[in-house]
2 protein chains.
Amino acid sequence: MDINKKAIYPVEAWNITETEFSMTTNYRNETTFALSNGYIGTRGTFEEGYDFSVDEGLEGNFINGFYESVDIPYGEWNYGFPTRSQSLLNLPDLKKTEIYVDGELFDMRTGKVEDYSRVLHMKDGYVERKLIWISPSGKKVQFVMKRFVSFVHKNRMYQQIQVTPLNFSGEIKIRSILTGNVENHTRKTNPLIGYGPFGSRLHVNKLMADDGVLYYEGNTLGSGMTMACASCYQITGTGDGEIVTVFGTDDEEISAACESTLEVAENTTITCDKFIVYTSSQDMDADSLEAFARKELSEAAEDGWKKELLAHQEKTHEFWNISDVEIYDDEALQQGIRFNLFHIMQSAGRDGYTGMGAKGLSGEGYEGHYFWDTEMYVLPVFIYTAPELAKKLLEYRFRTLGPARDRAKVLGHPKGALYPWRTINGEEASTYFPLGTAQYHINADIAYAFWLYVNVTGDMEFFKDMAAEVLVETARVWADVGYFAECKGGKYCICAVTGPDEYNAITDNNFYTNLMGRENIRYALKSLEMLKEQGQEVYEAFIRRMEITEEETAYWQKIVDNMYFPYDEKRQVYALDDRFLMLKPWEDSKIPPEKRHLLYENYHPLFVYRQRMCKQADAIFALYLHSNFFTQEELKRNYDFYQEVTLHHSSLSNCVFGMLACQIGNYEEAYEYFAQSARMDLDDYHDNFYAGIHAANMAGTWQAIINGFAGVRVNAGKLELHPYVPEKWKGMQFHILYRGRKLNIQLTHEMTRIELAAGEPLSLVLGDKEIHLEEGKAYEEEI
Amino acid sequence: MDINKKAIYPVEAWNITETEFSMTTNYRNETTFALSNGYIGTRGTFEEGYDFSVDEGLEGNFINGFYESVDIPYGEWNYGFPTRSQSLLNLPDLKKTEIYVDGELFDMRTGKVEDYSRVLHMKDGYVERKLIWISPSGKKVQFVMKRFVSFVHKNRMYQQIQVTPLNFSGEIKIRSILTGNVENHTRKTNPLIGYGPFGSRLHVNKLMADDGVLYYEGNTLGSGMTMACASCYQITGTGDGEIVTVFGTDDEEISAACESTLEVAENTTITCDKFIVYTSSQDMDADSLEAFARKELSEAAEDGWKKELLAHQEKTHEFWNISDVEIYDDEALQQGIRFNLFHIMQSAGRDGYTGMGAKGLSGEGYEGHYFWDTEMYVLPVFIYTAPELAKKLLEYRFRTLGPARDRAKVLGHPKGALYPWRTINGEEASTYFPLGTAQYHINADIAYAFWLYVNVTGDMEFFKDMAAEVLVETARVWADVGYFAECKGGKYCICAVTGPDEYNAITDNNFYTNLMGRENIRYALKSLEMLKEQGQEVYEAFIRRMEITEEETAYWQKIVDNMYFPYDEKRQVYALDDRFLMLKPWEDSKIPPEKRHLLYENYHPLFVYRQRMCKQADAIFALYLHSNFFTQEELKRNYDFYQEVTLHHSSLSNCVFGMLACQIGNYEEAYEYFAQSARMDLDDYHDNFYAGIHAANMAGTWQAIINGFAGVRVNAGKLELHPYVPEKWKGMQFHILYRGRKLNIQLTHEMTRIELAAGEPLSLVLGDKEIHLEEGKAYEEEI
């Protein structure tokens, strides 16, 4: 990771601006300008549809949850290894729109480009490109192109192309194109993956072009899914009326196009509004797709660009109204935070049947899989600021309890649910179990997020309907996986798991796993108490349905009371696991610099496992999350120890260290960690942003401010704030939602101000005292 | 494993006899009657060349070391995972010989078969089939067919077919066939392997049929090897002279045939002697193969069947003269021991460039790979009885030091050699590192075998030329892999390895590994002393060439003095590894019987790793091998402990338990273990003999008698015997070679007799006393 990079884009509080078009930065910028609404995802490729090489770019259009499956090959297969892959499938593109200026095709690589800008308007949620193009023959044309993926209509995205001849009157031809011969894995985004889908994986059922409408319908060869996409366009502003010519379909190329040829007078602007729809058989019968898509299209056209953009912007503003974090006087970090928040917000599945990929819907990286990143990094942000989003992501986990129960059985656990390390459809998709299925902590992570959601929102309906069941089912696997080992003083030991740290695999008593697993069981026990409070009937129905016995809960309690934690007496720190202190101290200097950040691509796993170092926050994460169990001195000793042995080769590491640093008052380091986290993707520290966003770190930035600097917690069942304002800032302002209330919080070096903007009166802990708030009133104190 | 099976074949001391032909037992019997000379291997298929189904049989012809390579697919590849496979390639068949009796094709599935027998003459080293066939039209013919793979001529195998019309005079047509369109993996012998070679992997360069000679030459598509095979035949005994008709080649079927049609009078026997040659580009330029093969063929034909069979028998007798073990009055075990010895003897590579597959050359199982089975199970047998064979197998390991050095670097060890867990060409071929590369103990196993060879044979030339280097290079990996861990009292800990036991993987401080690794280092240190004894010049040249410093050897000594061993204080036993006593006690009853013996095919590895049980002898093996470091009480405690937790799901387990049982005087159990080992393959306890022999267990049988019951050891650098004669036997007799001497040893319940048949005078330890022997003299004592 190169943290000394200069800002790639101009520093602006609300925008990301690309000031010139360049092939060398195109691939990365496609991710920067990627748009999504949690259902449709589209990379920031150009309307011109350039045929980029493998190193230059990747056209990408995705539907959340729409994947292809192929057989997974193994050198040696063992029972329980997933046999079928799940890969977010790259779908036909409809953005492409060729523009011919008196017969010359608009192409930024030919002629000359002036006054170029491309802006991600984060506040309003759309991308806008402006430029003047001087064609090879000298014709000067202004282009303004806008694009958004609607937060109002799940199935729709919108484009607008405005063309103005500046030094001539002449013929402008606009050709709207459908490109259907799309393949995954044509690019360098999955270096270690040995399986497909390779080649064309959609079988075309329908391909039509008619009256400006392009329609495609195809089904996957392996996963049995059908998708449809369609586009239409409207042209306004021509002097000579509109002429739509059907260009037709090309079955061999799997493409279709419609075009309009217009006579345009000098300095007259024509506007092409283009509407695009994606849908799939996950939401309806395949038979209904065409009718649905055409209906969506005509409604989009009827409502028109302008109205829909406004509605979209309103939705975007709603998000910012609560989620925005203002930093006083640090625009670079301000920009970083907003960039991160915008990307995670737009990437989250919103329908309760889809989750959120580690790379959102911004690329093919990690096959589009959902990991623990959602629960441990992203959800805490949404839980405090966009609980409806959080709820939908949790619903997805609840709805995949079925496959998780099956998976538990495959792993030999007679009861309970074991969530998959990587998945789209709820089944395990990790092909390499030491860094996949062995990461049992996913179960505790999901439980943690459910628990946090219930505690922060107070949503008891959700608790009764979904959370309690998930908490119990996940706990059951913890209650089966370990053993009260005599040789460890009768403590409960959990063997052969991998913790969050991927440089230490198949290990015993991973501190994070044991602590989080214990808390998972504790949540299950508390849930039973809470259900009782909801009424004896509710409680008994649950107990009956889940077949929970007193013997079982007594055993859970025994585990909670007797969990084993590896501890190094000499250093007085918690060891990462049983093995960690037997390992050779890591010597970074022995590793050539070019090999340092990709250890698994340059070193055998066994070599990696034998070095006393961590890729990322692991034990430290558990200590931060459950800091109430530890003294400040303990936290400090552990922080110092893990700071020394952690390489931060994962994007998931910095923000966590930052939060613990805050907690122990190590603010300077906290600020460093935070700063790295905030601009990690915007400045492409990992040099792989082209492959997609690092959603976890993006969310971690918010956590680092709100849970870190501002010290927001509900550890002890009560809202707490332990605010600190970094030296370099004048202050900050943010909002959180807590049990139906909205709080506006403003922190400066001079004062702390907490306003209960809406909701019932609330007592909360501020630093070392309790304060009481009434609706519309603010608590203020000078520092 | 079903140990209650009835004897499959009649109990005979020197023969294995199949008394009827049956499709249901054919596949297994193909392995029983497989023949090899360590270079050519051919399964016990019939001359008729039946087109068996996937469950009925597998035609198999192999050249040791001749493999095909394809790309290995991985769900997720990591650095250091082998990228190219090595699979012993199934080669064109030349045994097939059709016989037409007045136009009716001889086929045991048609007509009627009488007086059928097929015998493996173990003493003489050949297979003989006799039967009377009554054709569908009623013609009665006697067939006698013999076959051997020459121990005299590495490239040759021989067949003889005798045909006698019993109730008619008529036309006998003999058609000698070459079948070239052969593929691996057409059968069920590699259930977990996900990679090829699939399909036809030999590209035909030459296919000829001329004057009774069939010739095939082809090269592999992936590994760049060329092989050639050829056959010719002679017919004698006809009244009407010989007629050889060239039948010709068929390029599409990749087959060729020659045939002879003969008029044969009733009760007259015609004899067809057939000579087959296999060779490959591993021994010569590909250009020379044809000339070589043709020369071998014509020499074979010139020498003739009779002379060559005699020479072959003589070689076979030479083996038995030293290796045979006689059991007085237990013919079933006698038969089992000889069957086992015969198969391992014929399977061993003899040219110093090839090793010995875990399944010999008897099938495609395990891709024909060489494992630790050779060093830890087979070599001790050869070292005491056939040291030239042992030496050749060790030479193979010496010659693959190059790839082992490369492999050490891939695993991050700056110096030394790390031998591959599975290989043919010396490079790692294990595709699943937790049960592959992680088994570092292979290094110590190889070192152990070199050390044992040098100690038992006293072959100092070999020691200087090869052994010392291997001992030092293997030791160097042990000196790098571990760490003197403060948290373990500064003891040397070895993390993230897999011991012999494949149900406990990626574990720390595996007892076997740590002990064997320590001894490996000790051998290296002792080797330096021994080199000094060979002369200061020899020593210094070695030190210089190997770049050994005093600092390095001091570090080795520090490891030897400070190796860590996991120990359970409560039970006072050595734990299998650091994890073992934290695991859940195994409950066999929870596993359905049909799933018990194939855990990895029915349970996820993580489930398996979390159970406190062993698949096979592990710690117990190290305790047996180095029993001199432990008290009898210690050995007993550990034996009892591991006996309880070991499932014996591996064929490599019983014989080891048996040997330790002997050592601690637990003779009844020792006998049980031995009996299971002795007839394991002959009675097909594992129900998978069809896939090939279990060479390790076969050799373990000899060890169980000689090292077990007879208590032969050189642990303390001196030959020791601690004889015991099982209650059920009257006695036993065997021979061993020790430092150039031949000892005949006879043990009964009444007396012990040790004769120095040849060689310098010798002092040895017998029980608790030392005895002295002179050549030709015997020591006898009554009991």
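Residues numbered from 1 in each chain as written. Chains lettered and ligands numbered in written order. Predicted model: local features only at pLDDT ≥ 70, side-chain atom pairs only at ≥ 80, totals over all residues. Heavy atoms only, no water.

Asker: Teacher, can you tell me more about the overall build of chain A here?
Answerer: Across its full length, chain A carries 18 helices and 33 strands. A compact globule built from 783 residues should have a C-alpha radius of gyration of about 28 Å, and chain A, at 27 Å, falls within 12% of that. Once the C-alpha set of chain A is aligned to its principal axes, its extents read approximately 85 × 65 × 65 Å. Counting over 783 residues, chain A shows a buried share of 67%. Carbon and sulfur atoms provide 46% of the accessible area of chain A, an area that totals close to 25800 Å². For chain A, the centre of its 77 positive side-chain charges and the centre of its 117 negative side-chain charges are spaced 3 Å apart. (Helix = DSSP H or I, 4+ residues; strand = E, 2+ residues; numbered from the N terminus. Rg over C-alpha atoms; globule rule 2.2 N^0.38 Å. Buried < 20%, exposed > 50% of the residue type's maximum accessible area, 1.4 Å probe, protein only. Areas by Shrake-Rupley, 256 points an atom, 1.4 Å probe, with all protein chains shown as cover. Lys, Arg positive; Asp, Glu negative; His and termini not counted. Charge placed at Lys NZ, Arg CZ, Asp CG, Glu CD.)

Asker: What's the story with the relation of the copies chain A and chain B in this structure? I'm lost.
Answerer: In summary, the two copies of the chain are related to each other by a rotation about an axis coupled with a shift along it. For these two chains of identical sequence, chain A goes onto chain B by a turn of 180° and a shift of 0.1 Å along the axis, with RMSD 0.1 Å. The operation mapping one copy onto its partner corresponds to a two-fold rotation axis. If distances are taken from each C-alpha of chain A to the rotation axis, the shortest is found for Tyr74 of chain A, at 2.4 Å. When the interface residues of chain A are mapped onto chain B, 100% of them again fall at the interface, so both copies present the same face. (Least-squares fit on C-alpha atoms with pLDDT ≥ 70 in both. Contact = heavy atoms within 4.5 Å.)

Asker: What should I look at first to understand the pairing of strand E28 (residues 731-738) of chain B in this one?
Answerer: Every regular strand shows the same layout, with side chains that alternate between the two sheet faces. All names here are of chain B. The element E28 is extensively covered by neighbouring structure, given that 7 of its 8 residues are classed as buried. Here E28 pairs with strand E29 (residues 741-748) via 8 bridges, running antiparallel. Directly across from Leu737, in E29, lies its bridge partner Lys742. The antiparallel hairpin formed by E28 and E29 contains 2 residues in its connecting segment, where Arg739 sits at a positive phi of about 45°. (Pairing = 2+ DSSP bridges.)

Asker: Looking at this structure, how should I read the pattern of salt bridges?
Answerer: Oppositely charged side chains can form a pair if their charged atoms are brought close together. Counting across every chain of the model gives 110 salt bridges over all chains. A salt bridge links Arg175 of chain A to Glu259 of chain A; the shortest N-O distance between them is 2.7 Å. Taken as a pair, Arg175 of chain A in strand E13 (residues 170-179) and Glu259 of chain A in strand E18 (residues 255-264) lie far apart in primary sequence, 84 residues in all. The two residues Arg175 of chain A and Glu259 of chain A agree in class, both being buried. Among the ionic pairs, Asp459 of chain B bridges to Lys391 of chain B, the shortest N-O distance being 3.6 Å. Placement of Asp459 of chain B in the loop between helix H7 (441-457) and helix H8 (460-481) and of Lys391 of chain B in helix H5 (residues 387-399) is noted, with a sequence separation of 68 residues between them. Judged by its relative accessible area of 16%, Asp459 of chain B is buried. (Salt bridge = Lys/Arg side-chain N within 4 Å of Asp/Glu carboxyl O.)

Asker: How should I be thinking about the interface of chain A and chain B in this particular structure?
Answerer: Quite often, the size of an interface is put as the accessible area lost when its parts meet. Of the residues lining the interface, 64 residues belong to chain A; the matching set on chain B comes to 64 residues. Summed over both sides, the interface of chain A with chain B buries roughly 5200 Å², with 59% coming from carbon and sulfur. Looking at the side of chain A facing chain B, the largest losses of area belong to Met582, His604 and Arg610 of chain A, adding up to 15% of the total buried there. Where chain A packs against chain B, one counts 9 salt bridges. Across the pair Glu76 of chain A and Arg422 of chain B runs a salt bridge whose closest N-O atoms are separated by 4.0 Å. Inspection of the chain A/chain B interface yields 18 residue pairs in polar contact (both at pLDDT 80 or more). (Buried area = accessible area lost by both parts, 1.4 Å probe. Polar contact = N/O pair within 3.5 Å; in protein donor to acceptor, adjacent residues only side chain to side chain.)

Asker: What exactly am I supposed to notice about unusual backbone geometry here?
Answerer: A negative phi angle is the norm for most residues apart from glycine, just as the trans form is the norm for most peptide bonds. Residues and elements named next belong to chain B. The phi dihedral of Asp102 falls on the positive side, at around 45°, and the residue is not glycine. Mapped onto the fold, Asp102 is located in the loop between strand E7 (97-101) and strand E8 (104-105). The class for Asp102 is partly exposed, based on a relative accessible area of 32%. In this structure, His648 takes a positive phi of about 55° despite not being glycine. By relative accessible area, His648 is classed as buried at 13%.

Asker: Teacher, can you tell me more about helix H15 (residues 632-645) of chain B here?
Answerer: Side chains of residues three or four places apart in an α-helix project in the same direction, reflecting 3.6 residues per turn. Between its first and last C-alpha, H15 of chain B extends 20 Å over 14 residues, near the 20 Å set by a 1.5 Å rise per residue. Looking at H15 of chain B, one finds that the buried residues are Glu634, Leu635, Asn638, Tyr639, Phe641, Tyr642 and Val645 of chain B. (Expected span 1.5 Å × (residues − 1).)

Asker: Any chance you could explain the sheet that holds strand E8 (residues 104-105) of chain A here in plain terms?
Answerer: In any sheet, the strands associate via hydrogen bonds between backbone groups, in a parallel or an antiparallel arrangement. All names here are of chain A. The antiparallel open sheet is built from 5 strands, whose spatial order is E8-E7-E13-E18-E17. Since the sheet does not close on itself, it has two edges, and those belong to E8 and strand E17 (244-250), each with one partner. Relative to E18, E13 is paired through 10 bridges, and the arrangement is antiparallel. Its bridge partner lying in E18, Arg175 is registered against Glu259.

Asker: What should I look at first to understand the confidence of the model for chain A in this one?
Answerer: Predicted coordinates in regions of low pLDDT should not be interpreted in detail. Here chain A averages 95 in pLDDT, while 98% of its residues score no lower than 70. At the level of chain-chain contacts, confidence expressed as ipTM amounts to 0.94, with global pTM at 0.95. (pLDDT = per-residue confidence, 0-100.)

Asker: How should the nonpolar core be read in this particular structure?
Answerer: Soluble, globular proteins show a tendency: their nonpolar side chains are buried together. Counting residues in hydrophobic clusters, the biggest one holds 505 residues, and the most contacted among them are Leu719 and Leu743 of chain A together with Leu719 and Leu743 of chain B. When sequence neighbours within four positions are dropped, the list of residues in contact with Leu743 of chain B reads Leu719, Phe734, His735, Ile736, Tyr738, Ile754, Glu755, Leu756, Leu762, Leu764 and Leu773 of chain B. (Core = buried A, V, L, I, M, F, W, Y, C linked by side-chain atoms within 4.5 Å.)

Asker: What is the right way to look at the packing of helix H8 (residues 460-481) of chain A against helix H10 (residues 536-546) of chain A in this model?
Answerer: Between two packed helices, both the angle of their axes relative to each other and the distance between the axes serve to describe the pair. Residues and elements named next belong to chain A. Between H8 and H10, the least distance of the axes is 12 Å, while the angle of their chain directions is 45°. Taken as axis vectors, H8 and H10 run oblique relative to one another. When you trace H8 past H10, the crossing you get is right-handed. Contact residues: Lys464, Ala468, Glu469, Val472, Glu473 and Arg476 in H8; Val538, Phe542, Arg545 and Met546 in H10. Tallied by class, the residues present in the contact of H8 with H10 amount to 5 nonpolar, no polar and 5 charged. (Axes fitted to C-alpha atoms, helices over the stretch in contact; angles between N-to-C directions. Parallel < 35°, antiparallel > 145°, perpendicular 65-115°, else oblique. Left-handed = near helix turned anticlockwise from the far one by under 90°. Nonpolar A, V, L, I, M, F, W, Y, C, P; charged D, E, K, R; others polar.)

Asker: How do you make sense of the packing of aromatic side chains when you look at a structure like this?
Answerer: We describe a pair of aromatic rings using the distance from one ring centre to the other and the angle between the two ring planes. Residues and elements named next belong to chain B. Tallied over the full model, the rule gives 112 aromatic pairs over all chains. With centroids separated by 6.0 Å and ring planes inclined at 75°, the aromatic side chains of Phe46 and Tyr50 adopt a geometry described as edge-to-face. Taken together, a centroid distance of 5.4 Å and an interplanar angle of 55° make the contact between Tyr377 and Phe621 tilted. Taken together, the positions of Tyr377 in helix H4 (residues 373-385) and Phe621 in helix H14 (residues 619-625) put the pair 244 residues apart, joining distant regions of the chain. In this pair, the class of Tyr377 matches that of Phe621, namely buried. (Phe/Tyr/Trp six-rings, centres within 6.5 Å; stacked < 30°, edge-to-face > 60°.)

Asker: Any chance you could explain the environment of Lys96 of chain B here in plain terms?
Answerer: Residues and elements named next belong to chain B. Secondary-structure assignment places Lys96 in the loop between strand E6 (87-88) and E7. Taking the C-alpha atoms as reference, Lys96 lies 9.6 Å from Ala257; in sequence the two are 161 residues apart. In this structure, Lys96 is in contact with Glu47, Glu48, Gly49, Arg175, Ser176, Ile177, Thr179 and Lys274, ignoring residues within four places of it in sequence.

Asker: I'm lost on the packing of H8 of chain A against helix H11 (residues 550-561) of chain A in this one. Help?
Answerer: Residue and element names in this part refer to chain A. Direction vectors running N to C along H8 and H11 enclose 65°, while the axes themselves pass 11 Å from each other. By the angle between their directions, the pair H8 and H11 is classed as roughly perpendicular. Along this stretch, H8 crosses H11, giving a crossing that reads as left-handed. Taking contact as the criterion, the partners of Val472, Arg476, Trp478 and Ala479 in H8 are, on H11, Glu552, Tyr555, Trp556 and Ile559. Tallied by class, the residues present in the contact of H8 with H11 amount to 6 nonpolar, no polar and 2 charged.

Asker: In this structure, what is going on with the sheet that holds strand E18 (residues 255-264) of chain B? I would like to understand it.
Answerer: All names here are of chain B. Across the sheet, 5 strands lie side by side as E8-E7-E13-E18-E17; this open sheet has antiparallel pairing. The open sheet terminates on both sides in strands that have one partner only, identified here as E8 and strand E17 (244-250). As paired strands, E7 and strand E13 (residues 170-179) are joined by 5 bridges and run antiparallel to one another. The residue of E13 that forms the bridge with Tyr100 is Lys173.

Asker: How should the pairing of strand E11 (residues 140-149) of chain A be read in this particular structure?
Answerer: Residue and element names in this part refer to chain A. Taking burial as the measure, the 10 residues of E11 include 8 buried ones, the bulk of the element. As judged from the 8 bridges shared by strand E10 (residues 126-134) and E11, these two strands associate in the antiparallel manner. Bridge pairing links Glu128 to Lys146 in E11. Turn length for the E10-E11 hairpin, with the two strands adjacent in sequence and antiparallel, is 5 residues, and the turn residue Gly138 shows positive phi of about 100°. Sheet analysis places E11 next to strand E12 (residues 156-165), joined by 9 bridges and oriented antiparallel. Counterpart to Met145 in the pairing with E12 is Ile161. The hairpin formed by E11 and E12 contains 6 residues between the paired strands.

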